[in-house]
Amino acid sequence: MEFTEAYKQTGPCCFSPNSRYVAAAVDYRLVIRDTFSFKVVQLFSCLDKISFIEWALDSEYILCGLYKRPMIQAWSLTQPEWTCKIDEGPAGIAYARWSPDSRHILTTSEFQLRLTVWSLLNTACVHVQWPKHGSRGVCFTKDGKFAAICTRRDCKDYVNLLSCHSWEIMGTFAVDTVDLADIEYSPDDSALVIWDSALEYKVLIYSPDGRCLFKYQAYESGLGVKSVSWSPCGQFLAVGSYDQMLRVLNHLTWKTFAEFMHLSTVRAPCCAAVFKEVDEPLHLGMSELSLSEEFLQGNSDAAEEPYRVRYEIMEVPISLPFQKPQADKPNPKQGIGVMSWSNDSQYIYTRNDSMPTTLWIWDIHHLELAAILVQKDPIRAAAWDPTCTRLVLCTGSSHLYIWSPAGAYCVSNPLPQFSITDLKWNSDGSCLLLKDRDLFCCAAMPLLPESSEYSSDE
């Protein structure tokens, strides 16, 4: 792996959808760099500190959320002199997003008073009253022709279907939820999944015309759904719950065909490889010993015992680090809070929030646990390679942790004092964006060989 030098950032950073650019917020400025040379190609000055950025799907425009104002500013890479400013006045702006055609911006006002669709082609705007949420409750079909927007009025949740061409409401239907949490189109646009808040276990499958196809409820009288995710192929729907179980439904009958438990003790029989992060002291020979300038100047960091990080394959039974949630506090840290599918829909990783240092990788084709990664520190972020079955995660240390079906290994970031707190792939899987508290860098990822054996201590 090759790493770039570190660049300054004070907030959001992300690749453009076409992978040609990387945008970084530096206080009031938006810095656009080319991903080949990492030279600055555009520099935009906003009116306040940038809280949020999002690229348009065509990579020609980018919006900046200035939530302290509150205000939205949008910029064009092909026409640097073009500017756009959106100010909702006293209503404020809680969230903003691009439409699939990259020529409209959707903003949600504070207190969910209204959702507004702003056109970049003319001064027209369309309002949808009483959106259910600020950043959630809106989804688009994969072809970009329709939008589903959740609203709430008279203590009842509704779904409004809009045409992304005219932004007219094509239809509205009520949904059987107590307090709708979110909505998502299936990858083939044939169904909508809607799930209720944590207080009511309810997952509803609707057709685009408003017919309820299936209602799923795993149990009653307990905290319910915590996360939901469609597989990229559209054949599976994963539901993570507060009872620390992952359930997978099929798209033909909408019945559950797999239930995976996240237990604090893993016992035989278990076919999964258990990788545990360990520190291994480096034993240097006399020829490798030297007094560095940092040591001579009294730098205490340089005097620390050198070591390398590697994975050690553990035998079962094994007890995993477990944190008992506090019963007297809301939003308990338990249940499947994070999950994501691999690009081929064969694997899904999960994290049980009461075991924040452990990542579980499940093989859906064989309906079994494929691997467990046990880290020293809580997992900050994990992401699948968008082009192959490779998973990268970080824990706030200076290392990257990489898993593939061939094995797992650790990679050290050569940049000094760089703690990786977040990571993102570009769209072609050739590069990773790594974030520190006030810096970012990029790492070129080698192509994953078809058949290779990775050592666990690379």
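What comes next is a walk through the structure.

The rules behind the values
- Residues numbered from 1 in each chain as written.
- Predicted model: local features only at pLDDT ≥ 70, side-chain atom pairs only at ≥ 80, totals over all residues.
- Heavy atoms only, no water.
- Helix = DSSP H or I, 4+ residues; strand = E, 2+ residues; numbered from the N terminus.
- Rg over C-alpha atoms; globule rule 2.2 N^0.38 Å.
- Buried < 20%, exposed > 50% of the residue type's maximum accessible area, 1.4 Å probe, protein only.
- Contact = heavy atoms within 4.5 Å.
- Areas by Shrake-Rupley, 256 points an atom, 1.4 Å probe, with all protein chains shown as cover.
- Lys, Arg positive; Asp, Glu negative; His and termini not counted.
- Charge placed at Lys NZ, Arg CZ, Asp CG, Glu CD.
- Patch = residues over 30% accessible without salt bridge, like charges linked within 9 Å, V, L, I, M, F, W, Y side chains within 5 Å.
- Salt bridge = Lys/Arg side-chain N within 4 Å of Asp/Glu carboxyl O.
- Pairing = 2+ DSSP bridges.
- Axes fitted to C-alpha atoms, helices over the stretch in contact; angles between N-to-C directions.
- Core = buried A, V, L, I, M, F, W, Y, C linked by side-chain atoms within 4.5 Å.

## Quick word on the overall build of the chain
For step 1, the next point in the chain: The secondary structure content of the chain amounts to one helix and 41 strands.
For step 2, the next point in the chain: Computed over its C-alpha atoms, the radius of gyration of the chain comes to 24 Å, within 12% of the 23 Å expected for a compact globule of 458 residues.
For step 3, the next point in the chain: Overall, the C-alpha framework of the chain stretches about 75 × 60 × 45 Å when taken along its three principal axes.
For step 4, the next point in the chain: Residues counted as buried form 52% of the 458 residues belonging to the chain.
For step 5, the next point in the chain: In the chain, 45% of the contacts between residues at least 6 apart in sequence involve partners at least 24 apart.
For step 6, the next point in the chain: Looking at the chain as shown, the accessible area adds up to about 21,700 Å², and 51% of this sits on carbon and sulfur atoms.
For step 7, the next point in the chain: Averaging the locations of the 39 positively and 55 negatively charged side chains of the chain gives two centres separated by 7 Å.

## Concerning a nonpolar patch on the surface
For step 1, the next point in the chain: Nonpolar side chains collect at one region of the surface, where Phe111, Leu113 and Trp130 lie side by side and expose about 370 Å² of accessible area between them.
For step 2, the next point in the chain: Take Leu113: it is sitting in the loop between β12 (104-108) and β13 (114-119).
For step 3, the next point in the chain: Relative accessible area serves as the criterion here: at 37%, Leu113 is assigned to the partly exposed category.

## Regarding the side chain of Gln42
For step 1, the next point in the chain: Inspection of the secondary structure puts Gln42 in strand β6 (residues 40-45).
For step 2, the next point in the chain: Sequence-distant contacts of Gln42, that is, excluding residues within four places in its chain, are made with Leu30, Val31, Ile32, Leu77 and Pro80.

## Thoughts on the pairing of strand β37 (residues 399-404)
For step 1, the next point in the chain: The buried fraction of β37 amounts to six of the six residues, a majority that puts the element mostly inside the structure.
For step 2, the next point in the chain: Burial along β37 is two-sided: the face carrying His399, Tyr401 and Trp403 and the face carrying Leu400, Ile402 and Ser404 are both buried.
For step 3, the next point in the chain: Inspection of the sheet shows strand β36 (residues 391-394) paired to β37 by three bridges, in the antiparallel sense. Bridge assignment links Val392 to a residue of β37, and that residue is Ile402.
For step 4, the next point in the chain: Hairpin connection, β36 to β37: the antiparallel pair is bridged by four residues, and Gly396 has positive phi, about 90 degrees.
For step 5, the next point in the chain: Of the pairings in the sheet, the one linking β37 to strand β38 (residues 407-412) comprises six bridges and is antiparallel in character. In the sheet register, Ser404 faces β38, and the bridge partner there is Gly407.

## What about the sheet that holds β6?
For step 1, the next point in the chain: Here four strands make up an open sheet; going across it, the order is β3-β4-β5-β6 and the pairing antiparallel. Pairing within the sheet leaves two strands with one partner each, and these edge strands are β3 (13-15) and β6. Taking each pair of neighbouring strands and ignoring which way they run, the sheet shows an average axis angle of 15 degrees.
For step 2, the next point in the chain: Summarising the sheet, β3 and strand β4 (residues 21-26) pair through three bridges and their orientation is antiparallel. Its bridge partner being in β4, Cys14 is matched across the sheet by Ala23.

## Looking at the environment of Leu400
For step 1, the next point in the chain: Structurally, the position occupied by Leu400 is in strand β37.
For step 2, the next point in the chain: For Leu400 and Leu423, which are 23 residues apart along the polypeptide, the C-alpha to C-alpha distance reads 9.5 Å.
For step 3, the next point in the chain: When neighbours within four sequence positions are excluded, Leu400 is seen to be in contact with Met1, Val392, Leu393, Tyr409, Cys410, Val411, Ile420, Leu423, Leu432 and Leu434.

## Description of the nonpolar core
For step 1, the next point in the chain: Grouped together as the largest cluster of nonpolar side chains are 22 residues, with contacts concentrated most on Leu246, Val248, Ile348, Trp360 and Ile372.
For step 2, the next point in the chain: Secondary-structure elements contributing two or more residues to this core are β24 (236-241), β25 (245-250), β26 (256-261), β31 (336-341), β33 (358-363) and β34 (368-374).
For step 3, the next point in the chain: The residues contacting Ile372, other than those within four sequence positions of it, are Val266, Ala273, Val274, Phe275, Leu320, Thr358, Leu359 and Trp360.

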